Amino acid sequence: MRRIAVLTSGGDAPGMNAAVRAVVRTAVYNNVEVYGVQRGFKGLIEGDFIKLNVSFVGDIIHRGGTVLRSARCLEFQNQESCRKCAVDLLNVFQIDGLIVIGGDGSFRGMTSLTEYGFSTIGIPGTIDNDLAYTDFTIGFDTAVNTVVEAMSKLRDTTSSHERITIVEVMGRRCGDIALYAGLSGGAEAILIPEVQYDLSQIAEQLIKSNNRGKKQSIIVVAEGVGNTEFISKEINHLTGFDTMTTILGHVQRGGNPSSRDRLLGSMMGNRAVDLLLNNITNRVVGVKDNQIMDMDINDALRSKKRFNREMYNLSKVLSI
Ligand code: ADP
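Residues numbered from 1 in each chain as written. Predicted model: local features only at pLDDT ≥ 70, side-chain atom pairs only at ≥ 80, totals over all residues. Heavy atoms only, no water.

An unreviewed UniProt entry annotates the protein chain as ATP-dependent 6-phosphofructokinase of Filifactor alocis. The record held by UniProt for the protein chain lists under Catalytic activity (unreviewed entry) the comment "beta-D-fructose 6-phosphate + ATP = beta-D-fructose 1,6-bisphosphate + ADP + H(+)". Listed in UniProt under the heading Function (unreviewed entry), the comment for the protein chain reads: "Catalyzes the phosphorylation of D-fructose 6-phosphate to fructose 1,6-bisphosphate by ATP, the first committing step of glycolysis." (UniProt positions renumbered as here; feature names shortened; annotations may be inferred.)

Looking now at the nonpolar core. Counting 70 residues, the largest nonpolar core has Ile4, Ile99, Leu191 and Ile219 as the members making the most contacts within it. Looking at this core, the element that brings in the most residues is helix 6 (residues 140–160), giving eight residues. Three or more residues apiece are contributed to this core by two domains, here domain 1 (3–139 + 257–302) and domain 2 (141–253). Filtering out sequence-adjacent residues up to four positions away, Ile99 remains in contact with Ile4, Ala5, Val6, Leu7, Val23, Ile121, Ile123, Ala272, Val273 and Leu276. Core analysis: the next-biggest nonpolar cluster, separate from the first, contains 29 residues, Leu7, Val87, Ile95 and Leu113 among them. (Core = buried A, V, L, I, M, F, W, Y, C linked by side-chain atoms within 4.5 Å. Buried < 20%, exposed > 50% of the residue type's maximum accessible area, 1.4 Å probe, protein only. Helix = DSSP H or I, 4+ residues; strand = E, 2+ residues; numbered from the N terminus. Domains from an automatic or database assignment. Contact = heavy atoms within 4.5 Å.)

Hydrogen bonding along the main chain pairs the strands of a sheet, whether they run parallel or antiparallel. If you trace the four strands from one edge of the open sheet to the other, you get 7-8-6-9, paired in parallel fashion. Across the chains shown, the open sheet's two edge strands, defined by having one partner strand only, are strand 7 (189–191) and strand 9 (243–247). Each adjacent strand pair in this sheet contributes to an overall mean axis angle of 20 degrees, direction not counted. As paired strands, strand 6 (residues 164–169) and strand 8 (residues 217–222) are joined by six bridges and run parallel to one another. By the bridge assignment, Thr165 is partnered in strand 8 with Ile218. On the sheet, helix 6 packs against strand 6, strand 8 and strand 9 and is oriented at approximately 145 degrees with respect to strand 8. (Pairing = 2+ DSSP bridges. Axes fitted to C-alpha atoms, helices over the stretch in contact; angles between N-to-C directions.)

Attention now moves to the sheet that holds strand 4 (residues 97–102). Read across the open sheet, the seven strands follow the order 3-2-1-4-5-10-11; overall the sheet is mixed. Edge positions in the open sheet fall to strand 3 (49–52) and strand 11 (291–296), since each of these has one partner strand only. Adjacent strand axes in the sheet meet at a mean angle of 30 degrees when their direction is disregarded. Both strand 4 and strand 5 (residues 119–124) contribute to a ladder of six bridges, which runs parallel. Directly across from Ile101, in strand 5, lies its bridge partner Ile123.

Before going further, it helps to spend a moment on the site of the ligand. Taken together, 14 residues sit near the ligand, with Arg72, Cys73, Gly103, Gly105 and Ser106 positioned nearest. Measuring from an oxygen atom of the ligand, one finds a side-chain N or O atom of Arg72 at 2.4 Å. Gly103 has a polar backbone atom sitting 3.0 Å from an oxygen atom of the ligand. Considering the ligand on its own, with 550 Å² of exposed area, one finds that the protein chains cover 79% of that surface. (Near = heavy atom within 4 Å. Polar contact = N/O pair within 3.5 Å; in protein donor to acceptor, adjacent residues only side chain to side chain. Areas by Shrake-Rupley, 256 points an atom, 1.4 Å probe, with all protein chains shown as cover.)

Before going further, it helps to examine the domain arrangement of the protein chain. Partitioning the protein chain into structural domains gives domain 1 (3–139 + 257–302) and domain 2 (141–253). Taking only C-alpha atoms into account, the centre of domain 1 sits 34 Å from that of domain 2. Opposite the 13 residues of domain 1 that make contact, domain 2 presents 13 residues. Both faces considered, domain 1 and domain 2 share a buried interface measuring about 1100 Å² in area, 47% of it formed by carbon and sulfur atoms. Connecting domain 1 to domain 2 are one salt bridge. Residue Arg173 pairs with Asp130 through a salt bridge whose shortest N-O separation is 3.9 Å. Its residues placed into classes, the side of domain 1 that touches domain 2 shows four nonpolar, four polar and five charged. (Buried area = accessible area lost by both parts, 1.4 Å probe. Salt bridge = Lys/Arg side-chain N within 4 Å of Asp/Glu carboxyl O. Nonpolar A, V, L, I, M, F, W, Y, C, P; charged D, E, K, R; others polar.)

A positive phi angle, close to 65 degrees, is found at Arg69, a residue other than glycine. Here Arg69 falls in the partly exposed class, since its relative accessible area comes to 47%. The backbone of Asn282 sits at a positive phi, close to 60 degrees, despite the residue not being glycine. Along the chain, the position of Asn282 falls in the loop between helix 10 (259–277) and strand 10 (283–288).

Here's what the structure looks like:
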C-alpha cells in the first residue's frame, strides 16, 4: 500500500484524535501517504480529502472531538450511486485502503465499500461501548469518568437538600455507561435497558435506607430505559421523598480523553495501519482481555454483546 485514508464517522468520541494521530504517524513512519476524509461518509462522497502530515496531528492527543470532523450521511446509507461515487473518488485519489473510526453504523457503511472490493479496516470509536466483539470502545472510559465527576457534584447538592437525584445518562440499547459510572459513583440504583426494573422494589430500598439515616440517594438511568421524568415522579410518589432529575446529555461526548482512551486510540490506530500494510483487510480492531486484537468485520457485526451480570449484581450488593 502506498496511500491510505482515514475518516471519523457517526457520534464523536474522546480519543478519536489519538487514533487519527496514530494512523497518520504509523503510516508516515512506514513511508505511506495518508489522506484525511473530512466529515465522515459525507466527505467521502463529496471528495473532501486533505493530505495529512505529522504536524497536522500534533497537539491533538489530549483534545476531545475529532479534528477530521464527523457527520451522519443518509445519502451514503440509502443510495447505491453514492457508495459507487465514493469508491470512484477513492480510486481517483489512488487510495489503496481506508480506515474508518466510528460505531456500529459506521462499520456497516464500511462493509458497503468492501462489497466493491475496496480494502477497509475499522476502529471502534463510540462512547456507548455497544460493539459486542470488543471489550471496550474508544471514548467509553472518558464518558464514564465524566458521569462519575458529575455524580460527585450532584451528591453535594443532593445531600444538602436531602433528596433523591435521578441522573439520565447516554445509552439507548447498551447500559454500560450507566452500569460502570453507577458502580464507581456509588449509585443507590442503576436502571439499564438490559434488565427489567421494579420501581416499587427500589422505593422500598430507599425508604429502608432513609429509616437507617441515609437522607440522599442517586439513581442512574440509561436513556434507553424510557421516560426518566416519569421514573422521577413515580419514585417521589412511592417514597414521598423530594426528587430531582438531571439529564447529562451531550456533555458526555466531550472533554479531554482519559489516559485509557488515548492508549486505546494509539494502539488501535497503529494496529489498523499495520494490518493494511500487510494486506490484511476488511477487519475491525478491538481489545480483548487487555490485548489489542482484530477480527473479520462480518463476524464482528454478527457477535452478540454479553451483558455483564456480575457487575450488575455487584452494584445491587453494594447499594444496600
Ligand atoms: P455510529 O457509527 O456512531 O453508530 P451512525 O449509526 O449514525 O453512527 O452511522 C454513521 C454513518 O454511517 C451514517 O450516517 C451513514 O452514513 C453510515 N451508515 C450507517 N449504517 C449504514 C448502512 N447500513 N449502510 C451504509 N452506510 C451506513
